[in-house]
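# Breakdown of the fold
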Amino acid sequence: MKQPTQTVNIGTTIEEIGKLEKLISTQISPYILDYIFLLAPNRDDRITLSKPLTVEQTKLLENFNQLSLKYFDSIELPLKTEKVGTFESYLEIQRNVYLTRFVEARKLFAEYALFSIPTKEAEKLSKNLSPELEPAVSMEIKIANALIINDDGSFNFKETKEKEDTSNLIKSVFSSYGNLSYLTFKSIRDLYNITTRAFLISMNQDLLIKLMEVVLQKLIIESNKLVYNYIDKGYPTNEAISNVKSLLEKSTKKEGTELPSQFKNIEKEIAETIETNLKENIKLEKKYLTDLKNEIYELLVHYSTTGKYVSTNFYKLKFIEFKDLGDTYRNRHNVVELYLYDDFQDVSKHPAEAYDIDFSRDFKVTLFQLVTNGNENPNLTLEDYLYKT
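Residues numbered from 1 in each chain as written. Predicted model: local features only at pLDDT ≥ 70, side-chain atom pairs only at ≥ 80, totals over all residues. Heavy atoms only, no water.

What follows deals with the overall build of the protein chain. Helix and strand counts for the protein chain come out as 14 helices and five strands. The globule rule puts the C-alpha radius of gyration for 389 residues at 21 Å, and the 28 Å found for the protein chain is more than 25% above it. A principal-axis box enclosing the C-alpha atoms of the protein chain has dimensions of 85 × 55 × 50 Å. Expressed as a percentage of its 389 residues, the buried residues of the protein chain come to 43%. (Helix = DSSP H or I, 4+ residues; strand = E, 2+ residues; numbered from the N terminus. Rg over C-alpha atoms; globule rule 2.2 N^0.38 Å. Buried < 20%, exposed > 50% of the residue type's maximum accessible area, 1.4 Å probe, protein only.)

All right, on to the sheet that holds strand 2 (residues 140-141) then. Spatial ordering of the open sheet is given by 2-1-5-4-3, a layout of five strands whose pairing is antiparallel. Only two strands of the sheet have a single neighbouring strand rather than two, namely strand 2 and strand 3 (315-320). Sheet topology places strand 1 (residues 112-117) next to strand 5 (residues 353-359); six bridges connect them, and they run antiparallel. Of the residues in strand 5, the one forming a bridge with F115 is D356. (Pairing = 2+ DSSP bridges.)

If you trace the backbone, N377 turns up in the loop between helix 13 (361-372) and helix 14 (382-387). A residue is classified by how much of its surface remains accessible, and N377, at 0% relative accessible area, is buried. For N377, the side chain forms a polar contact with the main-chain nitrogen of N379, separated by 2.8 Å. Every residue in contact with N377, bar those within four places of it in the chain, is listed here: P30, Y31, I32, L33, Y35 and I36. (Polar contact = N/O pair within 3.5 Å; in protein donor to acceptor, adjacent residues only side chain to side chain. Contact = heavy atoms within 4.5 Å.)

Backbone geometry at N168 places phi at a positive 55 degrees, although glycine is not the residue there. Structurally, N168 can be placed in the loop between helix 6 (157-167) and helix 7 (169-194). Judged by relative accessible area, N168 falls into the buried class, the value being 1%. The phi dihedral of Q345 falls on the positive side, at around 75 degrees, and the residue is not glycine. Within the fold, Q345 resides in the loop between strand 4 (334-340) and strand 5.

The final tally for this structure, using the stated rule, is 23 salt bridges. R43 is the salt-bridge partner of D45, the closest N and O atoms lying 2.8 Å from each other. Accessibility expressed as a relative area gives 28% for D45, which makes it partly exposed. R43 gets classed as partly exposed once you look at its relative accessible area, which sits at 34%. (Salt bridge = Lys/Arg side-chain N within 4 Å of Asp/Glu carboxyl O.)

With 28 residues, helix 9 (residues 205-232) ought to run about 40 Å at 1.5 Å a step, and its terminal C-alpha atoms sit 39 Å apart, in line with that. The element helix 9 is largely enclosed, with a buried count of 20 among its 28 residues. Just downstream of helix 9 lies G234, where phi reads positive at about 100 degrees. (Expected span 1.5 Å × (residues − 1).)

The next thing to look at is the environment of L338. Mapped onto the fold, L338 is located in strand 4. Spatially, the C-alpha atom of L338 lies 32 Å from that of L207, the residues being 131 residues apart in sequence. If sequence neighbours within four positions are ignored, L338 has contacts with F174, Y315, K316, L317, P351, A352, E353 and Y355.

To continue, consider a nonpolar patch on the surface. Residues F37, L99 and V103 make up a contiguous nonpolar surface patch of about 220 Å² in total accessible area. Assignment of secondary structure puts V103 in helix 4 (residues 86-109). (Patch = residues over 30% accessible without salt bridge, like charges linked within 9 Å, V, L, I, M, F, W, Y side chains within 5 Å. Areas by Shrake-Rupley, 256 points an atom, 1.4 Å probe, with all protein chains shown as cover.)

Our focus in this paragraph is the packing of helix 7 against helix 12 (residues 286-305). In a packed pair of helices, the relevant descriptors are the angle between the two axes and the axis-to-axis distance. Across the interface, helix 7 lies against helix 12 with an axial gap of 10 Å and an inter-helix angle of 125 degrees. If you check the angle between helix 7 and helix 12, you find them oblique. Between helix 7 and helix 12 lies a crossing of right-handed hand. From helix 7, L183, K186, S187, D190, L191 and I194 reach across to helix 12, where they touch E295, I296, L299 and Y303. Tallied by class, the residues present in the contact of helix 7 with helix 12 amount to six nonpolar, one polar and three charged. (Axes fitted to C-alpha atoms, helices over the stretch in contact; angles between N-to-C directions. Parallel < 35°, antiparallel > 145°, perpendicular 65-115°, else oblique. Left-handed = near helix turned anticlockwise from the far one by under 90°. Nonpolar A, V, L, I, M, F, W, Y, C, P; charged D, E, K, R; others polar.)

Bringing the packing of aromatic side chains into the picture now. Tallying each qualifying case throughout the model produces 17 aromatic pairs. Each ring, one from F263 and one from Y309, has its centre 5.9 Å from the other, and the planes form 80 degrees; the classification is edge-to-face. Linking F263 in the loop between helix 10 (237-251) and helix 11 (264-281) with Y309 in the loop between helix 12 and strand 3, this pair joins segments that are 46 residues apart in sequence. An aromatic cluster is present here, built from F102, Y112, F155, F359 and F363 joined pairwise through their rings. Just above the ring of Y230 sits the side chain of K233; from NZ or CZ to the centre is 5.8 Å. The aromatic ring of Y385 is capped on one face by K364, whose charged end is 4.9 Å from the ring centroid. (Phe/Tyr/Trp six-rings, centres within 6.5 Å; stacked < 30°, edge-to-face > 60°. Lys NZ or Arg CZ within 6 Å of the ring centre and 35° of its normal.)

Written out as structure tokens, the structure reads:
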């Protein structure tokens, strides 16, 4: 008669493994927590003992090993260790524990972003001038719906590139930075000049700056997509820009609060952004908020008729997959280079900017916490992981 298999409470087992990790960190050393191999694979840290283990410490590692092996059996991923010593087996088993947490966290929470990096030419110049110079903290750019993620949380290079080829979304976002800051602050001055209640603008300036930045970027991006559509059809850059400005001017009603049909797909999003921000952050009677909202729309309409949404810098993107990076972008993931168009659709010889596609910093915080279970190796702290790897 077949004996019933012993059931394992996975939640309790995971909790017990976490407790043992904490004890290992405090009673042996936090320096033997080897998640570095996973979170910073470019490093070559060697985990060694500075002195022999005591009987109690050996027993602690044996308990961790046995409980972890039981856990892997319970999730039908049986693990066979090739190491014979307790410490060597511990290193192998804990790495598999970290890997399991990593895979699960990536599958559930993965988010990617673009991080500014030196172009190959800038990197070469920097090394020649100051070989020991510490790299600056990289700027992070998140673009909603631009970077495609697989079901397991990994980055899909091929589909991301294909989507960009048809949507021009990433290019349009990068182009938007050329006139976004200027137009945002100009909009606050213009609102102050046209409103019948200037005190509202003065009292809520910081809020309105943030609001206008979000709304204006959406409109600028949509306008830039129109320019890229012309460029894709072979129009010279200056002619593409001129065509879109003329199109917006002719299709926008000169008075009122109605945006042109070219912004139809973001019309609802803009309305919700404005109404929600005004309602939640400015405590006034509905009539006054409605007046302010209409004045904002009147200004947005005016900017459309005068071509303010169309940027001046437009780019050709080059996607470089990890396997093709070579020594050009050592220790990067997947790189995007930006080449600037001139007025006649010729592109710059060298990239104007370059960006690495990596986990977003928000996700890295989540990933670090889930992988380490709150037990930190001083050789790779959260700050190190965020800014030095």
